[in-house]
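# Tertiary structure, described
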Amino acid sequence: MAHIEVRPKAAGLAAQVRRIAAGERRDKAGPLADLILRRADVQHVTLAAVDTRASEGRVLAVTGMDLIRVGAVAFTQQSTRLEAVAAGRIWASSDLGHEPDFDRLLDRISMVAGHRAGCAVPIAVEGKTCGAVLLSSSDYRTSWDAVARVITAAAPTIATTLGLGPAPTLRVLVLHQDMLAAEGLARILEQGLDAEVRLVHGPYAPELPESLNWADVVVTDRESPIVTSSAVVIARHWSKKRILAAIAQANTKPVGSASAPGVAALTPRELDLVRELDSGLSYHEIADQLGLTTETVRTYSKSLYAKLDAHSRGQAVVQARRQGLL
């Protein structure tokens, strides 16, 4: 089995990237991927924007064999290389067929395409990963070290050219009367979303007005008497994954912010219900999730349909999406 080693020149890559950035073409990602393909002497390059908070990567450019379209979004757990990059690590293999854990969805697609070796290099700004360069070769490689060093050295210029940067820290206000529960929730958010969290005890705390202006997202418990329709409402029995997903979604689509004129605001319970309807669960399953009876869920559904001017759960979900509630 023949292995090759390619040693691209470190000098000049950043300068070439800057020339692409200064060019008149609006598409910077495509020429940049072509440049890296030539410099690294590989058969496939993918450039991706990486959102570590959402655990996903969005394809910015592909050159070589067209395995995935530009604009496609993949979860980091679907790719061994993407997961490593999201964690800030360089990943490299001289022989993909001998990697025992290289068996995820995008890994298998790469193998089927005839890739024998691969590398992934994180693009970081201010110490935070915001992009990735994924390389694949149809030849076995002795080492990817030289290629990884060159790309890492040019990473700041690559990030600027692609318009990448670290996402701003999410600011979350936890409004709760049970401070023990609030502190547990704060730890979940700090670890799972890399968020800055403030805790406020009750609706009469003197720091509440300033904290509401400071926060990107307000979180409270469904059972709390201080719930408002503008807050992200969670339930204590929800899993960590579900809590994080609800809050991350609220950061991109604030609850109730896009309501159409003439549509009544939904109560926190109705917001819970429309999210469960969107999941495709039956009324009985929704009742179990929300801790209600099936008949109560049906009653809430009638009120929800009336507010959304809908005549079925499908119409309710569509209307909720149009209003930015999902």
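A few points on the structure. None of the values given here were measured: they were computed from a predicted structure.

Quick look at the pairing of strand β9 (residues 171–176) now. Successive residues of a regular strand alternate their side chains across the two faces of the sheet. In terms of burial, β9 is largely enclosed, as five of its six residues are buried. When β9 meets strand β10 (residues 196–201), the two strands line up parallel, connected through six bridges. Bridge pairing links H176 to H201 in β10.

Moving on, we get to the side chain of T129. In this structure, T129 sits in strand β7 (residues 128–137). A relative accessible area of 13% means that T129 is categorised as buried. Of the polar contacts made by the side chain of T129, one reaches the backbone oxygen of V85; its length is 3.5 Å. Each residue touching T129, except ones within four places of it in the same chain, is listed here: V50, T52, V85, A86, G88, P122, I123 and A124.

Before going further, it helps to examine the environment of F102. Here F102 is to be found in the loop between β5 (91–93) and α4 (105–112). For the pair F102 and T80, spaced 22 residues apart in sequence, the C-alpha to C-alpha distance is 6.3 Å.

Its boundaries defined by the atoms lining it, the second largest pocket holds a volume of some 320 Å³. Around the second largest pocket, the lining is made up of 21 residues, and of these H44, T46, I68, L106 and L134 lie nearest the centre. Residue assignment for the lining of the second largest pocket shows that the elements contributing at least two residues are β2 (44–51), β3 (56–64), β4 (73–75), α3 (80–86), α4 and β7. Sorting elements by how many residues they give to the lining of the second largest pocket places α4 first, with four residues.

Criteria and thresholds
Residues numbered from 1 in each chain as written. Predicted model: local features only at pLDDT ≥ 70, side-chain atom pairs only at ≥ 80, totals over all residues. Heavy atoms only, no water. Buried < 20%, exposed > 50% of the residue type's maximum accessible area, 1.4 Å probe, protein only. Helix = DSSP H or I, 4+ residues; strand = E, 2+ residues; numbered from the N terminus. Pairing = 2+ DSSP bridges. Polar contact = N/O pair within 3.5 Å; in protein donor to acceptor, adjacent residues only side chain to side chain. Contact = heavy atoms within 4.5 Å. 1 Å grid on protein atoms, 1.4 Å probe; cavity = no way out; pocket = protein on both sides within 12 Å on 5 of 7 lines; lining within 4 Å. Points joined across faces, edges and corners; volume = space filled by probe spheres on them.

As far as function goes, none of this settles anything; it's purely spatial.
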